[in-house]
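# Report on the structure
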Amino acid sequence: MSNAKSKNSNKHSSKSIILNSKLFFALLVLQLLNLLTLVTQFHWLYILFASIALATQFVVHVKAMRQALLNASINQTSCYYSAPSILPSWAILLLAIAGSVAIAIAGRELGLLLSMIHLLCFAYSLKVFEITKRKDLYQVVVLGVFVATSSLIFVQSIYFSLAVIVLVFANFIILLRFFAPSMLLLTQIKLLIKLSLYAIPFAVVLFVAFPKLSPLWQVPKAKAAKVGLSDQVKIGDIAQLALSNELAFRVSFENSSPAHAQLYWRALVLDDFDGITWQQAAQSNRLRQQQGNNLAHLSNASNVENIVLRGEGIAYQVIAEPSFQSWLFALDFATSEQANIGQRSDFALFYHGIISQTISYQVTSYPETILAPELTPSMRSLNLSLNSQSNPKLTAKAQQLRQRYSDDRALINQLLTDFNQNNYYYTLQPPSIQNNSLDEFYFQTRAGFCEHYASAFTYLMRAAGIPSRMVVGYLGGEFNPNGNYLSVYQRNAHAWTEVWLPEQGWQRVDPTAAVDPERVERGFSSDLMQQYADLSSGMFSMQPLKTMQWYKQLKMQIEAIDYQWTRWVIGYTGQKQSQLMKQLLTRLTQGKVMEYFLLCLASVVLLIIAYKVSAVRGKKHHEIKQLYLKTLALMSQHNVVKEHAMTGEKFTAFIGENRPELLVDFAVISDCFQKYSYQNSSDEHNKSSLNHDLSILKYHYRRLRWHLWLAKLGIK
C-alpha cells in the first residue's frame, strides 16, 4: 500500500501520469455518452471511426488492467498503470491529417456548423489515444464538456438539458477523482453542487442582461433533415404524415383560445397543379422573392390595398420546433412585430432563414379580415389554370355544375352537399389510385384523407371558373390544462381550399367538414382514432399504456414543464431582451420602481460590506499563517530546517540551542501563529488585536531575515 501511495502522490510530478484502471474506463464510458448526445448529427463514417476507436481502447485497457492486477497480486501494489501506447505518434498525426481533410471535403454537404462539430468530436476521439501527461487528461475532459454542451444547439428541451448537465458534472468528477482520489464520491458530488450554486446567480445575470448575438453559422439545408410539411404535396402525403406523433409547434393565447373549428394554422399556399402534384407556382415564387423583405407588421398590413383589416385581434405566442424549413404557422390574418418574420403575398408568414432550432414568435391574427377583395388579372389566371387532360371526368362534372348554378356560392354549397350525402369516407387508409387520379378518387373509390378532398374540390372550382388554391397547414391541436397551452403535432397536418369570391376575397372552404364534421369540430373522430391505433400498434407498441389516465396526466405534466422551460428560457430571444431592458429603463426613469431599485441596491451594498469585513478578517488570519510558513521557508534556505515530526515548541527549543540569535524573533512569530491557529478566532480580544499582532509579526520577520543574512555574510 505504501508503494501505491507513493505512486499516487508522485503522479503529478512525473512526466507520464499513472491512473487507476477505474478512471481509464470512466473516461471511455463518458466519451461514449458525450458522443451519443450528437449521434443524430454525425456522418456515418465518423460513427464508424468513433466506434472502432472506442472498441480498441476498451480491449487494450482490459488487457492492461488484467496485467496490472496480476502484478498487484505479486508485488502487493494497487491497480494503477500508465495509458498503454496503442498507436505511435506518427500514426496519430496521419489520422489527424486524413480526418481533417475528409471533414473539409464533406464540409459542402455538412455545412459550417456540422463540420466544426465533426472536427471537435474527431479530435476528442483521437485524444484518448495519448494520455501520457496531466495536460492530456485536462484536454480530454474539456473536450468532453464541449462535445456534450454542443448538443444543446440542436435539442433544447429541459430534460435533455438536465441530462447534459449531469454529463458535464460527470466529466468534472474525473478531475476530482484524479486530484483527490481519497475523497468520497458523495463528498465530491457535494463539492460540485456547492460550486455550481455559487455560479447560478452570475449565470442568471449574464443570461438576462448580456447581449444575445446571432450565431455565425447555419445548419445545412439538407433535404433529409426536413421534417413536417413539404412544399410539394401529392395524394396520400398528408395521410402518411398523420401517423406521426412528432411535435410541430405549441401555442399560448393571451386570452381565451378560439374554438377547434377556427384553428386553421396556415403554412403554405399551393397554386400550381400538374395533375399529380400541388406546389407553389413559379410566378408565386417570384412574387414571394420580390416581397420577401416585407415585414409582417400591422402597419404594413394596413397599407396594403388588397387587405381590409377588420375585427378584434387575437394575440398569441408560437414556439415552433426545428423543421429545417422557412415557413411559420399562424391563424388568418397574421401580423407580427418581429424583424426576422416576413409575410408572403399569399398572406403566409415565413422566417428569414432556416428554422434549425426551436424558435419563439409573437403573432396577432385578425380572423375577420377580408383577404384580397380585388384580384389582379395575373393572380386570377394563375388560380384558374389546370390541366384538363389529367382528369376529364372532373372537368365535365364542373361544367355541369356551372350550367346549373350561376351563383358561385350556390355551386360551392351543392358540391359540399354531394360530399356529405354521396357516401364519401374520410380515412387514414385510402385505397390506392393509379397516377394519383382525382377522377378515380371522386367517382370510384370515394375514400381518402384531407388532401384527396381538398385537391378534388380545388380542381372542380377551377374547372367551374372559380379562382381557387390549396392551402396546407395544421388543424386544431391538443390543449394541455397543466400549462394552459395548445400542442400541435404532425398528425394534425391538414389541407383545405381557398376560393375567391367577388367583394369577399379569399374564403376558406374545407370539404373535410362536409365529409367528416367531427374531424373539424373536435379533432380525430372515433373511427379515425381507431384507425390510428390500429396503424400504430405493433409488437413494441405502447398503445395500451397511452390509453391509461395516469399516463396521460403524467405526460401532460412533463410536457407542461418542458413548455415553460422552452417559453421562458429557450424563447428568451435578443428581441425580448431588448424589450425587457427598454421597459426596465423606462420604469426606472419614470420612478415607478425606483424605491425597489434603491432597496435592492442598498441590500447589495450591505452584503458586499459584510463580505469585505469577513474577508478582511479572514485575510488577516491567512497572512499570519503565510508569514509563519514564509519564515520556515526562509530559515530552511539558511540550513535551519524544521523536521516534519517536530512540534512548534520543539523547533523553538532547537533554535535556542543552535541559533540563539534567532530565538527572540522566531519565538514571537511562532507564538502568534499558535495563538491564532488554536484559539477561538471570534474572541473579542483577538478581533481588536489582530492588526497590532500582524504588524509586530512583520517587524520580527524583517529582524529575523536581517540576522540570517548577517550570519551568511559572516558578520555575526
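Here the structure is shown first, and the text comes after it.
What you see is a predicted model; the values in this text were computed from it and never measured.

### Digging into the nonpolar core
Within the largest apolar cluster, 72 residues are counted, with the highest numbers of intra-cluster contacts made by Phe249 and Trp265. Sorting elements by how many residues they give to this core places helix H16 (residues 450-463) first, with nine residues. Grouped together as the second largest cluster of nonpolar side chains are 45 residues, Ala50, Cys79, Ile117 and Ala148 included.

### A closer look at the pairing of strand S5 (residues 264-270)
Of all seven residues in S5, seven are buried; the element is thus mostly enclosed. Bridging between S5 and strand S17 (residues 468-475) involves six bridges; their strand directions are antiparallel. Within the sheet, the bridge partner assigned to Leu270 lies in S17 and is Met470.

### Describing the sheet that holds strand S3 (residues 232-234)
The strand order S3-S7-S6 describes an open sheet built from three strands, whose pairing is antiparallel. Of all strands in the sheet, those with a lone pairing partner are S3 and strand S6 (272-273), marking the two edges. By the bridge criterion, three bridges tie S3 to strand S7 (residues 277-279) in an arrangement that is antiparallel. Bridge assignment links Gln232 to a residue of S7, and that residue is Gln279. Strands in contact with H16 are S3, S6 and S7; relative to S7, the strand with the most contacts, it is inclined by about 75 degrees.

### What to know about the packing of helix H13 (residues 392-404) against helix H14 (residues 408-421)
As a packed pair, H13 and H14 sit with axes 9 Å apart at the nearest point and diverge in direction by 130 degrees. One way to sum up the angle between H13 and H14 is to call them oblique. Regarding H13 and H14, the two cross each other, and that crossing is right-handed. Here Lys397, Leu401, Arg402 and Arg404 of H13 come into contact with H14, specifically with Asp408, Leu411, Gln414, Leu415 and Asp418. Tallied by class, the residues present in the contact of H13 with H14 amount to three nonpolar, one polar and five charged.

### Notes on the environment of Asp439
With respect to the helices and strands, Asp439 occurs in helix H15 (residues 438-445). With 17 residues separating them along the chain, Asp439 and Ala456 place their C-alpha atoms 8.3 Å apart. At 2.9 Å, the side chain of Asp439 forms a polar contact with the backbone nitrogen of Leu394.

### Here we look at a positive patch on the surface
A cluster of basic side chains, namely Lys630, Lys698, Arg702 and Arg705, defines a positive patch on the protein surface. Summarising the element assignment, Lys698 is placed in helix H26 (residues 684-712).

### What about unusual backbone geometry?
In this structure, the amide linkage connecting Asp332 to the following residue, Phe333, adopts the cis form with an omega of -20 degrees. Mapped onto the elements of the fold, Phe333 is located in the loop between strand S9 (314-320) and strand S10 (334-335). A positive phi angle, close to 75 degrees, is found at Phe347, a residue other than glycine. Tracing the backbone through its elements, the reader meets Phe347 in the loop between strand S11 (341-343) and strand S12 (349-351).

### What about a nonpolar patch on the surface?
The grouping of Tyr159, Leu162, Ile165, Trp550, Leu554, Ile558 and Ile561 at the surface amounts to a nonpolar patch, some 660 Å² of accessible area in total. Residue assignment for the nonpolar patch shows that the elements contributing at least two residues are helix H7 (158-179) and helix H21 (549-570). Broken down by element, the nonpolar patch gets its largest block of residues, four residues, from H21. The exposure class of Trp550 is exposed, given its relative accessible area of 52%.

### Considerations on the pattern of salt bridges
Opposite charge on two side chains lets them pair, provided their charged atoms get close. Evaluated as defined, the whole model comprises 13 salt bridges. We note a salt bridge from Arg266 to Glu498, for which the minimum N-O separation is 2.1 Å. Placement of the pair is Arg266 in strand S5 and Glu498 in strand S20 (residues 493-501), with a sequence separation of 232 residues. Glu498 carries the same exposure label as Arg266, and that label is buried. For Lys555, the salt bridge is made with Glu559, and the minimal N-O distance between the two is 2.6 Å. Linking Lys555 with Glu559, this pair stays in helix H21, spanning four residues, or about one helical turn. Using a relative accessible area of 33% as the deciding quantity, one classes Lys555 as partly exposed.

### Things to note about the sheet that holds strand S19 (residues 485-489)
Spatially, S10-S13-S9-S4-S19-S18 is the arrangement adopted by the six strands of the open sheet, whose pairing is antiparallel. One side of each edge strand has no neighbouring strand; the edge strands of this open sheet are S10 and strand S18 (478-480). Looking at chain direction, strand S4 (residues 247-253) and S9 are connected through five bridges and run antiparallel. Within the sheet, the bridge partner assigned to Arg250 lies in S9 and is Ile319.

### Considerations on helix H6 (residues 134-150)
The end-to-end C-alpha distance of H6, which contains 17 residues, comes to 25 Å, matching closely the 24 Å that a straight helix rising 1.5 Å per residue would cover. Taken together, the buried positions of H6 are occupied by Asp136, Leu137, Val140, Val141, Leu143, Gly144, Val145, Val147, Ala148 and Ser150. Packing partners of the buried residues in H6 comprise strand S1 (19-20), helix H2 (21-36), helix H5 (112-127) and H7.

### Description of the packing of aromatic side chains
For any pair of aromatic rings, the description consists of the separation of the ring centres together with the inter-plane angle of the planes. Summed over all chains, the structure comprises 33 aromatic pairs. Between Phe24 and Tyr81, the aromatic rings sit 5.0 Å apart at their centres with planes inclined by 25 degrees, giving stacked as the arrangement. Of the two residues, Phe24 is situated in helix H2 and Tyr81 in strand S2 (residues 80-81); the sequence distance between them amounts to 57 residues. The buried category is assigned to Phe24, whose relative accessible area is 3%. Here the aromatic rings of Phe651 and Phe666 are separated by 5.2 Å at their centres, their planes lie at 85 degrees, and the arrangement is edge-to-face. With Phe651 in helix H24 (residues 648-658) and Phe666 in helix H25 (residues 663-678), the pair connects residues that are 15 residues apart, well separated along the chain. With relative accessibility at 0%, the residue Phe666 sits in the buried group. One aromatic cluster is present, built from ring pairs that chain together Phe419, Tyr424, Tyr426, Phe441, Tyr442, Phe443, Phe449 and Tyr453. The ring of Trp506 carries the charged tip of Arg469 above its face, separated from the ring centre by 3.9 Å. Stacked on the ring of Tyr489, the Lys or Arg Arg491 has its end atom at 4.5 Å from the ring centre.

So, how was this worked out
- Residues numbered from 1 in each chain as written.
- Predicted model: local features only at pLDDT ≥ 70, side-chain atom pairs only at ≥ 80, totals over all residues.
- Heavy atoms only, no water.
- Core = buried A, V, L, I, M, F, W, Y, C linked by side-chain atoms within 4.5 Å.
- Buried < 20%, exposed > 50% of the residue type's maximum accessible area, 1.4 Å probe, protein only.
- Helix = DSSP H or I, 4+ residues; strand = E, 2+ residues; numbered from the N terminus.
- Pairing = 2+ DSSP bridges.
- Contact = heavy atoms within 4.5 Å.
- Axes fitted to C-alpha atoms, helices over the stretch in contact; angles between N-to-C directions.
- Parallel < 35°, antiparallel > 145°, perpendicular 65-115°, else oblique.
- Left-handed = near helix turned anticlockwise from the far one by under 90°.
- Nonpolar A, V, L, I, M, F, W, Y, C, P; charged D, E, K, R; others polar.
- Polar contact = N/O pair within 3.5 Å; in protein donor to acceptor, adjacent residues only side chain to side chain.
- Patch = residues over 30% accessible without salt bridge, like charges linked within 9 Å, V, L, I, M, F, W, Y side chains within 5 Å.
- Areas by Shrake-Rupley, 256 points an atom, 1.4 Å probe, with all protein chains shown as cover.
- Salt bridge = Lys/Arg side-chain N within 4 Å of Asp/Glu carboxyl O.
- Lys, Arg positive; Asp, Glu negative; His and termini not counted.
- Charge placed at Lys NZ, Arg CZ, Asp CG, Glu CD.
- Expected span 1.5 Å × (residues − 1).
- Phe/Tyr/Trp six-rings, centres within 6.5 Å; stacked < 30°, edge-to-face > 60°.
- Lys NZ or Arg CZ within 6 Å of the ring centre and 35° of its normal.

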